[in-house]
Every structure is written in C-alpha cells, then in structure tokens.
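In case you want the letters, here they are:
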Amino acid sequence: MRAVKEQEITMAAPNLNAVANARKISSTGGFVVRKRSADDTFYMGECKGSGKNNYVVSADYIDDASPVFRCSCPSRQFPCKHSLALLFEMAAEKEFEICEIPRDILDKREKKEAREAKKQAGDVKKPASERSAKAAKAAKAKKIRKQLEGLALLKQLTDQLMNWGLASMGGGSLLNYRNLAKQLGDYYLPGPLVYLNRLILEMEKYQKDQNPAHYSRCVEILKKLRALEKKAVVYLNDKLETDSPEADDDELYEELGGIWKLEQLNGLGLKKENARLLQLSFQVDYDQARKEYMDLAYWVELDTGEICHTCNYRPVKALKYVRQEDSCFGVMTVPVLNYYPGHGDRRVRWSGGTLNDAGEDVYREVMKKAFPDLLSASKEVKNHIKNILADDFCPVLVSFKEIGTVTGKAGACLAVMDRAGSRMEMRSREPWQDTASMVPLLPDSSWLQGGVLFGLMYYDPDKRQMCIHPCSIVTGQGIIRLMY
C-alpha cells in the first residue's frame, strides 16, 4: 500500500481549512467504500456528503510527482476536502479493497499520455502563421514603446527629487505622487510602480515619527528607482533596435514587472533535472507596496550546495483563491527544477515532486556545503549587494564554533564565532521577524556549539559592519528553525 505523509497532504491542500475538514471526514468514518488497484497507482472511495448520493473520490498516481485528484462533489476547491480525506485514509493505513482500474480512468490516462507525447515532440501548439507571428511581434514592440513613455515620466520624477530633495514629497504633494504611481500602471511598469509605492510609504512614515531610518530607506529606494530607469531605457531601446521584443534571460525583464511562465524558463534552458532540495527556513511577509502576502522559503540544493528560494505571492484581494504555502521538513525531489534569471540567490519553482524523509546523512551533507568561515561568506555577500538592483542582503550557510553573548564598547550583543576566531553580530533586521531573541531560549545549549548557521547576511549602515539575521541552525541531527 502507498505510504502517504501528513505533510504531503498539507502541501497539496488549497488552505488549512480544507485540511481540517478532510481530517474530520476521515476520523468520523466519512468513507463507506475504499478501493485500490493492485499496482498501487489508483485509489478511490465513496464518501458521505450533503447530497443524496455518495461522492466518488479518486487519486491517480500514474505520475508519482503529480497525482491527479478527482471528485464528484460540486466544490471549486482543488483538491477538495474529500480528496484530501482520501489521502488521510491512506495515511492511516486503513483497509482498501483490491479492484480493477475503471475504464474511464484508463481512457483519461491514454489521453494524457498522448498530450505528453505531442508536447515532447513539440506539436502541442500549431505553428503560428506568418501573419499572426508578425502581429504578436508588433504588439510586443508597441508595449515596449509604451513602457519607454512611462520611463520618461519616471525620469522627470527622479530628476525632480534629485534636484529638489526628498523633502519636496512632504505634505499635500504626496497625493500627486500617488496619482503618478497609478499612471505607471497604465504604462505596463508594475515593477517601478512597486518601488515608487515603497518610496511614498516610507516618506509617510517619516512624516509621522521623524525617524531618520525611514529617510535613509527613502534614499536607497530612490537610488534603485533611478538605476532601474536608466538601465531599463537602454535595455528596451536595444530590444527595439535589434527587433527582438520577446522576453529574454535579462533580469530587467522581471524588474520591470514581467511574469515568467514555466515554458518560457524551459525554452531558455533555465532548468535542472532530478534536483534534490531541503528547506532551510520559511517565513510569511506582507508587502504593503504590493498589497500582497509572500510565502518565502529558502532551500539548499543538496547536489551543489547552492541556496535558492521560492516565492508564493498572495494578493490581499484574492487570499481565498490562492493556496498558502507551508514549512517543508523533508527532502523534495523534483523532476524539473526551473530557475529564474539572475545571479547568486535565485528564485526557483517546479511542478510536482516527491517528498522523502531527511536523515542524518542529509544534514551532514548540508553542513559540508557551508562556508568554512565568516570572512569567505562576507566576501560573497559583498559581491552580491554591489549590484544596486539586487537585494541588500544574501542568504548564507556558514560553519561556526560557538554562538553566544559577547561584550564590547557598545555593550552586550549576540554573536557567532567561526573556527578561525572571527566574530559577527547576530542581529534581527527590521521589518523581519525578531529571531535573534529566540537563540538564547533554545533548550539545548549544545546546539550552539560546532554547527552551521543559516541566516541573511547584510550590511548595517548605522554600525558600519556586516551583520547576520539568524534563521536556523543545522546540526548532524536536524535543523532547528527560529521561525515556522
């Protein structure tokens, strides 16, 4: 019988309510019939529901990485609570009667295999006619020209702020900037729009509390906005001059607000087959400028030691329609791992995968991939944050000898010391969750000796030094997470 872990059920669920309802259905005997195929690729059941007839639920595992769930209920959630309840029945190792795979399921499998065969042969879509191809290309070029108009408007704004100073945003003029931000949306520039919204929000906060930190952030945002405008103009003009308006692997495509599809990433060769990933940390952030929640997870690729991240954006207006991600504690093996264009800590995504338990050998493997000391880690981070459009922090795995409190001229602080004797302050950075305060509360002090620290390293302009925001500690026995 197929083994199903509860974490797999949670990862497949559209939301936590669906998990709770599914658990209730399974625990209260909601299934009156349970059947499975002899080869363990098909499971089905009949579940009592609110209707007159029982709901027919099935899970087709012809592709282990992407099971297909079907249910006769009218729910718009996918998979529905009845499909998840069937998984709970499997996880509880309840008895399933052996049955033949229904003919309609076999027919659907054949159709799916035919689609996959066409896809591999490159015949999924009919080749576009010359006329339609020209029309599509002309539409993309028209969009680029519209973006250049918007960037010219943005240049006027940045020129004004550079000449008159950020103080010119004060008072009633903020309303004008909000109106300008709305206009950028009409020019297909959602990326610069986010930067401008962040600038407005920070200036509003500065007007309320006069905290210099907000003003400093405004300066950094303005620098990024200015750099993005200059680089984007060169990038877009070059695309027009070379008559190549299609999306490419330049990071500016996404910075301007472009959205990548899996087939585009595959077409650019930004992929790796049979990748193994282990999640190092997970957090949920709210981006006020985007008006979106972001489920952010950092992963280490076990074969290469590279750190990457996944982002699941959930707009406030569509929270009930977008599934929230959750922590993952096993080794995720994915058939095809897709990379987004960029350098250093890259965003990744995949479609389908299998989850296996992480043993001590996996954790020891992760520890071997860490930087041996703080000096080499900080050099890597400094090279990364030199790019003005890159994040001003970088995730790192670094080996340490000891974590503890040290006393200096500025007072006591939490610090990590490597085996070479170098120290770096462990300091939570706003607006991230305070994790540094969690470290002294760990129940086992042995975790603070001879392990590997995973954190977000950044430059603190106030202290004029590199600091690290701790996220988790890796030992030979597991990962101690400081959040989620």
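Further up the page is the structure itself.
Predicted model, so just to flag it, every value in this text is computed and none were measured.

Brief notes about the pattern of salt bridges
(1) Moving on: Tallying each qualifying case throughout the model produces 29 salt bridges.
(2) Moving on: Residues D40 and R36 are paired through a salt bridge, measuring 2.8 Å at the closest nitrogen-oxygen approach. The pair formed by D40 and R36 is uniform in burial state, with each residue classed as buried.
(3) Moving on: With a shortest N-O distance of 2.7 Å, R109 and D60 are connected by a salt bridge. Placement of the pair is R109 in helix α4 (residues 103-121) and D60 in strand β3 (residues 55-60), with a sequence separation of 49 residues. Accessibility assignment for this pair places R109 and D60 in one class, buried.
(4) Moving on: Look at the salt bridges and you will find they share partners, linking R198, D287, R290 and E292 into a network.

What about the side chain of E425?
(1) Moving on: Residue placement: E425 occurs in strand β15 (residues 423-426).
(2) Moving on: There is a polar contact of 3.0 Å between the side chain of E425 and the side chain of K463.
(3) Moving on: Apart from residues lying up to four places away in sequence, E425 is in contact with C413, L414, A415, K463, Q465, C467 and I468.

Points about unusual backbone geometry
(1) Moving on: The residue after F78, namely P79, is reached through a cis peptide bond having omega -10°.
(2) Moving on: Tracing the backbone through its elements, the reader meets P79 in the loop between β4 (68-71) and α3 (81-91).
(3) Moving on: The backbone phi angle of D243 is positive, close to 55°, even though this residue is not glycine.
(4) Moving on: Among the structural elements, D243 can be located in the loop between α8 (212-241) and α9 (251-255).

Focus on the environment of V32
(1) Moving on: Considering the arrangement of structural elements, one finds V32 in strand β1 (residues 31-37).
(2) Moving on: The partly exposed category is assigned to V32, whose relative accessible area is 44%.
(3) Moving on: As for V32 and A436, which are separated by 404 residues in sequence, their C-alpha atoms are 51 Å apart.
(4) Moving on: Those residues in contact with V32 that lie beyond four places of it in its chain are E46, K48 and N54.

Things to note about the packing of helix α7 (residues 190-209) against α8
(1) Moving on: The contact between α7 and α8 brings their axes to 9 Å, and the two run at 160°. Taken together, the axis directions place α7 and α8 in an arrangement best described as roughly antiparallel. α8 is crossed by α7, and the crossing has left-handed handedness. Note on element contacts: α8 touches α7 through P212, H214, Y215, R217, C218, I221, L222, K224, L225 and L228, opposite P192, Y195, L196, R198, L199, E202, M203, K205, Y206 and D209.
(2) Moving on: Each residue belonging to the contact of α7 with α8 can be placed in one class, and the counts come to 13 nonpolar, one polar and six charged.

About the criteria used
Residues numbered from 1 in each chain as written. Predicted model: local features only at pLDDT ≥ 70, side-chain atom pairs only at ≥ 80, totals over all residues. Heavy atoms only, no water. Salt bridge = Lys/Arg side-chain N within 4 Å of Asp/Glu carboxyl O. Buried < 20%, exposed > 50% of the residue type's maximum accessible area, 1.4 Å probe, protein only. Helix = DSSP H or I, 4+ residues; strand = E, 2+ residues; numbered from the N terminus. Polar contact = N/O pair within 3.5 Å; in protein donor to acceptor, adjacent residues only side chain to side chain. Contact = heavy atoms within 4.5 Å. Axes fitted to C-alpha atoms, helices over the stretch in contact; angles between N-to-C directions. Parallel < 35°, antiparallel > 145°, perpendicular 65-115°, else oblique. Left-handed = near helix turned anticlockwise from the far one by under 90°. Nonpolar A, V, L, I, M, F, W, Y, C, P; charged D, E, K, R; others polar.

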